[in-house]
Amino acid sequence: MTEQGNELRTGTGSDGDGDSAAPRVRLRDRDAEVRSVETAIDRLCREFAAGGTEIGDLLTFSGRPGIGKTSLLHEVRRIAKLREGASVLFARGGERQFKEPYHVLRQLLQPVLSDLSADEFRQVMGTWEEVVGPAMGLRQPKAGARRLDPQGVRDGLDYVLTQLAPRRAPMVMIVDDLHWSDAESLSWLAKFAVRSGELPVLLVFAFREDENDWPNETQDLRRDILGLKARKHELNRLTLSSVTDMIRAELGDKAEDAFCYEFWNVVNGNPFEAGRLLDQVREQELEPVEENSRQLRELAVDATGMTLKSWLDRLGASTLRFAWACAMLGTDIRIDLATRISTQSTEGARDSIKQLRKQRVLTQAPNGNLEFVHPLIASSIYNTMPEATRLGMHGIAAAEIENAGLGLLAASRHLVETHSGEGDDRIVKKLRRAAVEHQLIGAPEAAQRCLHRALNEPPADDIKAEVLYELGCSALLTDPGATVNQLKLALDPDEGPLRPDLRVDATFRLSEVLAHSGELGQAALVCQEEAEQTVEPAGRQRLQAASFMWHAFRKSEEGGRGRSARLGEMCRSLPGREAADRAVLAMRAWDLTLRGESSAEALALADEVLDGGRLPKGLGWTDTTWGFELPSMLGLTYIYNDRIAQAERLFADAIIQFEVAGWSGAHRGFAYFLMGLARFRRGLLAEAEDFLRRAYRISERVGQKLPLAWDAVGVLVDTLIARGRVDEAWTLANEFGFHPPYHATAMVLPDAASLYGKLLIAMKRHAGAAAALTEAGAQLEIRGWHNTVWAPWAGHLAIAIADDEPERARGYARKAVQDARAFGTASAIGSALRLQAQVENGEQAVELLEQAVEHLGQSPAGYEHAVALVDLGAALRRVGRLEDAQEYLYQGIELAQHCSAEKLVDQARRELANYGLRPNRLEKRDFRETLSGPEWEVAKRAAQGVPPQRIADELGVQLNLVNRRLAAVYRKAGSGPDGLASALGLPDQPREEQGE
């Protein structure tokens, strides 16, 4: 029989290695699909040669089992390899291997990445080598490496392909049997396909559309794949003419038309089924004449159903056992492994292979390994295995794969399929080790399968709770619900003992997940109750501190004042400066900040937490003992105490560390949020908006309306108000429920009601604003939180009620100023004075605004300073001081432009228009490079502690000019006087050497 005949009979043929020297196989009834492939590949190569880069495309071929998808992809590979310079990457999903993490991506990428020179490899991997390398099987995880976030692996793969594609372009990436891809590979492929048009890459996918052909684990991804924008081809059944040609090529021209017609009807034009039925016709020596047509249906049942008996009759027991071993291994079958799994001798295996090739069950690939002629044959053989035989052979396969040096990751796929109920400690240990290795490559679902199987073994009573703890921790980054359930079981005494240190850690992890799911009160209670039962001092302190931390993030609670006092007492009795002690200091610094107590005391505590301005060991962003909440709390303390530059350094480290660790989900999203908040407080509104939108996108990718989304959207609404896009802010706020009844937002938002009231004021809807702000104030007063920057409700409430209740409004405004002065930061005092000025008139308003400008000029709060300048200019115009008004409005415009506060610029321009002036937009520049010589002179002296009056005397200039220059320095440096030296990179002066 000719090669062409074999191709058409089986519907697949051996893909081999896609060698371009192989003879071309004509595909029947696939001319349109082949032309589409040729057009796509020609276009890719032509446009790349012309200098194109964003020229990618996606082709998909779908159809029912056996319709000829693999044959078509074999032709795609052949066509692509004929194009000079084209790189062809190929992979195939496997029914037995869809639970093997990154199985498909490793097939695709391992060969091409391994072929790179050392320099190219470093360039392609960039900073992602420690993330992508282990996942792609190119290197072992480093000793002591942390578990990888699957999203981090996907982000790393995005980067690697962005670097790889131009170096190996034009690139054709082909995936056959996509429906059997592992979830880790498929989730990346589905997202990469969306943006593949940005690269010189042609993606070609072949899959079955029917949901019954996709594993349950990838049903959502199936919908993503089916929804992709692509050139889609659904493969139709072969025509009667094509099937007739196949029959006559195999059985001779004597095949009668009626026989051929019934044959075509029976197989419904399916190439694979046609090939199998032809085998049966030939074996039964059935004459292809009309009177034998009735026997075709009965033969077809045997041909496609292939029961255990039919395979035994066809192959014999020994050969069938070897076929079972091959079916368990899936694709790229090593002969030595299949031989040992089937417990055959070398000679016996050789005979089995010969028989299986003769029966068109197996074929040999150019690398010497075996492959099934068609995956449907593999499925048929595997499904005939008796259960006991299957379970036993999986156990043998696991042992042989490990003995062959392929590692636990490869063996674990078989371990989870072995018989349970024996209580084998060795199996439990191996499964637990495999789970750790899966987490190190960013495959938590695979780790969970191993641990679930370990629990079914079952483990010994004294370690069962540990296995439950490990199972809960394995889902930390991906499945909060599963984490909560498993950790609660681990802590349940009925499940067995859990070591004291693990009980503490399990409780902390449980509280983390509860808190990030919005259940802050429950998180605090869990830690509090466990702390009362914990004997070991360090563990008890950790849980007590965690309880304080979650309470601090709650919207409302009883006993907040007493809890703050206990935290203060705990802080004073700390034994040293270990990580746990520093954690308590960080919480106390944040507690003082929320309460609006002494900023100097809060900063002193915060500075004690750091080592040389950096996070100490044990409190790092990726540290698993305390989590990222502690350094976040420290950064927030710096933000609200006018040390924004210090906070930004911490948050920049967070972004880098999360990237290096491969934590690209909620962790990096929260780092973006924190950086966005810092940029907002600093007045860099455009940058703030960018970071906040990135945080929101990551949050939505992780889950719907998580606390991270509330945080990011809340500050984004504030940012949009500042930029003058009030309608957009209104839509977003209502979308997220920042309206009555108010939702509790996690982390740093002061209160939904406070934000909503501020938004209503921006929309001139003062009645609604008053109600919202009154509610916010009542809640915050109960807690004793008086920080007027974090929650400026009183000043805004004064504005909302000023027209109807002017005296009451002045009372609230004075309260805000009083609270701000108690706190003591320049931005707090300046902002409160600016709001107070809005409920006063004439010279009183001017005086308050002059004080506000003076204070804000000593802070890094650029936008607040710009508003105060414009407000002061407008107030001066109203009292007739036109020259002074003009100067402040010019300053306000310059600063507002720097902040990207477009509406504020327009407001100041309208004020200046009263003088007939139209100022041009001034150039925006970056910090350090923007400091003029005179600004550096005042900056250096201020960093040394020299007071403004003495600076003026030394430089021989007016005091107001020194203050103006200092205001510019503080704004550009992102720090007030206390942190100026550090922000400018100048050495701090000992206190006794500082000036007056």
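Quick caveat, the model's predicted, so the values are computed rather than measured.

Criteria and cut-off values
Residues numbered from 1 in each chain as written. Predicted model: local features only at pLDDT ≥ 70, side-chain atom pairs only at ≥ 80, totals over all residues. Heavy atoms only, no water. Axes fitted to C-alpha atoms, helices over the stretch in contact; angles between N-to-C directions. Helix = DSSP H or I, 4+ residues; strand = E, 2+ residues; numbered from the N terminus. Parallel < 35°, antiparallel > 145°, perpendicular 65-115°, else oblique. Left-handed = near helix turned anticlockwise from the far one by under 90°. Contact = heavy atoms within 4.5 Å. Disulfide = S-S within 2.5 Å. Buried < 20%, exposed > 50% of the residue type's maximum accessible area, 1.4 Å probe, protein only. Pairing = 2+ DSSP bridges. Expected span 1.5 Å × (residues − 1). Core = buried A, V, L, I, M, F, W, Y, C linked by side-chain atoms within 4.5 Å. Patch = residues over 30% accessible without salt bridge, like charges linked within 9 Å, V, L, I, M, F, W, Y side chains within 5 Å. Areas by Shrake-Rupley, 256 points an atom, 1.4 Å probe, with all protein chains shown as cover. Salt bridge = Lys/Arg side-chain N within 4 Å of Asp/Glu carboxyl O. Lys, Arg positive; Asp, Glu negative; His and termini not counted. Charge placed at Lys NZ, Arg CZ, Asp CG, Glu CD. Phe/Tyr/Trp six-rings, centres within 6.5 Å; stacked < 30°, edge-to-face > 60°. Lys NZ or Arg CZ within 6 Å of the ring centre and 35° of its normal.

Colleague: Honestly, the packing of helix 47 (residues 948–955) against helix 48 (residues 959–973) in this entry has me stumped. Any pointers?
Modeller: One can describe the packing of helix 47 onto helix 48 by two numbers: an axis separation of 9 Å at closest approach and a directional angle of 110°. With respect to helix 48, the element helix 47 is oriented roughly perpendicular. Of the two elements, helix 47 crosses helix 48, and the hand of that crossing is right-handed. Together, P948, Q949, I951 and A952 of helix 47 and L959, V962, N963 and L966 of helix 48 make up the contact between the two elements.

Colleague: Is there a simple way to think about the state of the cysteines in this case?
Modeller: In protein chemistry, a disulfide is the covalent bond that joins the sulfur atoms of two cysteines. Per the counting criterion, the structure on display carries 0 disulfides. Between C571, a cysteine without a disulfide, and C527, which holds the nearest cysteine sulfur, the sulfur-to-sulfur distance is 19 Å. The exposure class assigned to C571 is buried, which follows from its relative accessible area of 12%.

Colleague: Help me out: how do you make sense of the pairing of strand 2 (residues 87–92) in this one?
Modeller: A regular strand places its side chains so that they alternate between the two faces of the sheet. Counting buried residues along strand 2, 5 of its 6 residues qualify, which places the element largely inside the surrounding structure. Alignment of strand 2 against strand 3 (residues 171–176), held across 6 bridges, turns out to be parallel. If you follow L89 over to strand 3, its bridge partner there is M173.

Colleague: It is not clear to me how helix 38 (residues 766–783) should be interpreted in this structure. Could you clarify?
Modeller: A turn of α-helix holds 3.6 residues, and therefore any two residues three or four places apart point the same way. Helix length check: helix 38 (18 residues) gives 26 Å between terminal C-alpha atoms against 26 Å at 1.5 Å per residue, within 8%. Immediately downstream of helix 38, the backbone of G784 shows phi near 80°, a positive value.

Colleague: How should I be thinking about the nonpolar core in this particular structure?
Modeller: Nonpolar side chains tend to gather and get buried jointly when the protein is soluble and globular. Core analysis: the largest hydrophobic core is formed by 216 residues, its most contacted members being F372 and I381. Counting residues per element, this core draws most heavily on helix 35 (residues 707–722), at 11 residues. Not counting residues up to four positions away in its chain, the partners in contact with I381 are W311, L320, A323, W324, A327, V361 and F372. Counting 48 residues, the second largest nonpolar core, distinct from the first, contains Y102, L178, F207 and W214.

Colleague: Just to check I follow, could you spell out unusual backbone geometry for this structure?
Modeller: Outside of glycine, negative phi angles account for most residues, and trans bonds account for most peptide bonds. That bond from A169 to P170 is cis: its omega, -10°, falls within 30 degrees of zero. Within the secondary structure, P170 is located in the loop between helix 7 (150–167) and strand 3. A cis geometry characterises the amide bond from E457 onward to P458, with omega recorded as -5°. Here P458 shows up in the loop between helix 22 (444–456) and helix 23 (461–474).

Colleague: Any chance you could explain the side chain of S379 here in plain terms?
Modeller: Along the chain, S379 falls in helix 18 (residues 375–383). The buried category is assigned to S379, whose relative accessible area is 9%. Apart from residues lying up to four places away in sequence, S379 is in contact with E95 and W180.

Colleague: How do you make sense of the pairing of strand 1 (residues 57–62) when you look at a structure like this?
Modeller: Most of strand 1 is tucked away: 5 of the 6 residues are buried. Bridge count between strand 1 and strand 4 (residues 201–207): 6 bridges; the pairing is parallel. Within the sheet, the bridge partner assigned to L59 lies in strand 4 and is V204.

Colleague: Explain a negative patch on the surface here, please?
Modeller: Among the surface-exposed residues, E209, D210, E211 and E234 lie close enough to one another that they form a single negatively charged patch. Residue placement: E211 occurs in the loop between strand 4 and helix 9 (219–226).

Colleague: Where do I start with the sheet that holds strand 3 in this structure?
Modeller: Backbone hydrogen bonds hold the strands of a sheet together, and the pairing may be parallel or antiparallel. The sheet built from 5 strands is open, its strands ordered 2-3-4-1-5 with parallel pairing. Each edge of the sheet is formed by a strand with only one pairing partner; in this case those strands are strand 2 and strand 5 (231–234). Across the sheet, the axes of successive neighbouring strands diverge by a mean angle of 10°, strand direction being ignored. Examined bridge by bridge, strand 1 and strand 5 share 4 bridges and lie parallel to one another. Considered in strand 5, the bridge of F61 is made with H233. Taken strand by strand, helix 4 (residues 103–114) contacts strand 2 and strand 3, and its axis lies near 155° from that of strand 2.

Colleague: Honestly, the pattern of salt bridges in this entry has me stumped. Any pointers?
Modeller: Between side chains of opposite charge, pairing is possible as soon as their charged atoms come close. A complete count under the given rule lists 81 salt bridges for this structure. Residues R582 and D611 are paired through a salt bridge, measuring 3.2 Å at the closest nitrogen-oxygen approach. Here R582 is found in helix 29 (residues 579–595), whereas its partner D611 is found in the loop between helix 30 (599–609) and helix 31 (629–640), with 29 residues between them in sequence. When its relative accessible area of 40% is taken as the criterion, D611 is described as partly exposed. Shared partners join several salt bridges into a network, and the residues in it are E250, R276, D279, R282, E283, R314 and R360.

Colleague: Help me understand the packing of aromatic side chains, please; the structure alone is not making it clear to me.
Modeller: Aromatic ring pairs are defined here through the distance separating the ring centres and the angle between the ring planes. Applying the stated criterion across every chain, the model contains 19 aromatic pairs. When the centroid spacing of 5.9 Å and the interplanar angle of 50° are considered together, the rings of Y261 and W264 count as tilted. Highlighted residues: Y261 and W264, both in helix 11 (residues 257–267), separated by 3 residues, approximately one helical turn. For W264, a relative accessible area of 13% gives the class buried. Residues Y696 and F736 carry aromatic rings whose centres are separated by 5.6 Å and whose planes lie at 70° to one another, so their mutual orientation is edge-to-face. One end of the pair, Y696, is in helix 34 (residues 685–702); the other, F736, is in the loop between helix 36 (726–735) and helix 37 (752–762), with 40 residues separating them in the sequence. Judged by its relative accessible area of 24%, Y696 is partly exposed. Counting every residue linked through ring pairs, the aromatic cluster contains W621, F628, F651, F658, W663, F670 and F673. Between R96 and the ring centre of Y382, over which it is positioned, the NZ or CZ distance is 3.7 Å. In this structure, R694 is placed above the aromatic ring of Y672, and the distance from its NZ or CZ to the ring centre is 4.8 Å.

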